[in-house]
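Listed below are the residues making up each chain.
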Amino acid sequence: MSIEALITDRSRRVDWSGIRAVSALARERPGAVNLSIGQPEFAIPEACKRAAISAIEHDQNGYTPNPGLESLRGALSQRLARETGWGFDGAGAEAGLMITSGTSGGLLLACMAVLGPGDEVIVPDPYFVMYPHLATMCDARAVTCSTYETGFRLTAASVERLITPRTKMVILNSPGNPTGVVATSGDCAELLELCRRKNILLVSDEIYDEFTFSQGRTERTADGPRCPSPARIAGSVSNVLLIRGFGKTYGFTGWRLGYAAGPKRLIEELNKLQQYTFVCAPTPLQHGALAALNVDMSGVVAMYERRRDLVMSTLGAVAEVVRPDGAYYAFVKVPERLGMSGEAFFRAAAERDVLVIPGSTFSGRDTHFRLSFAVRDEALDRGLGVLAKMLRGQ
Ligand code: PMP
């Protein structure tokens, strides 16, 4: 029996994530300052814990309907209707919403529904590690659009040059991983117009939407300042798939919860696929997520904004860093005078007990590194001190 002979070429084309190697290094060096982690360090809100535990204790442990817990979908649809103007209810409803197994679950279902063999999806470079592999899993191709020239903004002008008759999807990720950069309102409007003109689905991965800093590119909405989103532009429901999550916002990444909202017909299709894959998101944890909707995270976001300021004041003077206006990452350029690739810098930093992630993990280039400031202040201080010294060439 040869398992090798059974494995598909498609599966072989998918690589292990570079982040795994960094995690292995972190296990080998338990004393190191770990700035490679992409999840919040704070304890999750008490109300969420209580609601999930109570759901388990009250026997809410079976399946929910495929698209999710009715009460959670209802609350989110109401919020989104207020924010975007999309119509979720009634006979003429144009929009649909479903709960997914993590933001990743929503992204996978969207790719399965829209991308076929030979189709193309345009993704920013640098990108969230999953995007190219999702395309591969659907026998499609990710076409990377460099954002190095535009301060890591994905612009319609650069996307348009890459569109071919096979392009079916463009992924916008704002605030972005690995850069923390937030799209401008103009970027969102121009991308939406381009995608509409070319009949392309614009997937807006807004997993970090709550982590948008007050000093940055924010828009006023009925619910306070928010990062610009194509979903808030009139008529956008026709070709925008909005994907948001709970894990990063409330600190329960392991609960695997997200949601997808967009054209009703597309959400129906995703839901059909969910029926035969994830079935539904974890039931008791959906109850926990419902409780999260009443939790105010602004104190935490303000703390992250202060950390962002510390990153900029420490590293901004010694290296090129585009200011992150959201999420909790900074993508730092290794100064050319050091003559080091991102990989080489990462290895040298690990030798000094600071873990970051080489830019090549997220990009066709190897000129930068990503650091996460979702770590306690003392660790961040210590790590930034070492990195600043290295960037000065000491
Ligand atoms: N999109 C982006 C941009 C991310 O950074 C992540 C997680 N790192 C995800 C999606 C996946 O999130 P989830 O854990 O909700 O599946």
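As the structure is a computational prediction, the values presented were derived from the model and not from experiment. (Residues numbered from 1 in each chain as written. Predicted model: local features only at pLDDT ≥ 70, side-chain atom pairs only at ≥ 80, totals over all residues. Heavy atoms only, no water.)

What follows is about the environment of Val 129. Along the polypeptide, Val 129 turns up in the loop between strand 3 (120–125) and helix 7 (130–137). Spatially, the C-alpha atoms of Val 129 and Tyr 63 are 30 Å apart, while their sequence positions differ by 66 residues. Not counting the four nearest positions on each side in its chain, Val 129 is found in contact with Ser 17, Ile 19, Thr 361 and Phe 362. (Helix = DSSP H or I, 4+ residues; strand = E, 2+ residues; numbered from the N terminus. Contact = heavy atoms within 4.5 Å.)

The subject of this paragraph is the nonpolar core. Core analysis: the largest hydrophobic core is formed by 96 residues, its most contacted members being Phe 246, Leu 315, Leu 371 and Leu 387. Here the element with the most residues in this core is helix 15 (residues 377–391); it accounts for six residues. Lining this core are residues from two domains, each supplying at least three of them: domain 1 (4–44 + 297–391) and domain 2 (46–292). Once residues within four sequence positions are removed from consideration, Leu 315 is found in contact with Val 321, Val 332, Leu 371, Leu 384, Leu 387, Ala 388 and Leu 391. With 25 residues, the next largest nonpolar core counts Leu 109, Leu 134, Cys 138 and Leu 266 among its residues. (Core = buried A, V, L, I, M, F, W, Y, C linked by side-chain atoms within 4.5 Å. Buried < 20%, exposed > 50% of the residue type's maximum accessible area, 1.4 Å probe, protein only. Domains from an automatic or database assignment.)

Turning our eyes to something else, we now look at unusual backbone geometry. Of the consecutive residues Ser 174 and Pro 175, the connecting peptide bond is found in the cis state with omega at -10°. Locating Pro 175 in the fold gives a position in the loop between strand 5 (167–173) and helix 9 (185–197). Non-glycine residue Asp 139 carries a positive phi angle of around 60°. The topology assignment puts Asp 139 in the loop between helix 7 and strand 4 (141–146). Its identity as a non-glycine residue notwithstanding, Asp 353 has a phi of 65°, on the positive side.

The values are spatial; any link to function lies outside them.
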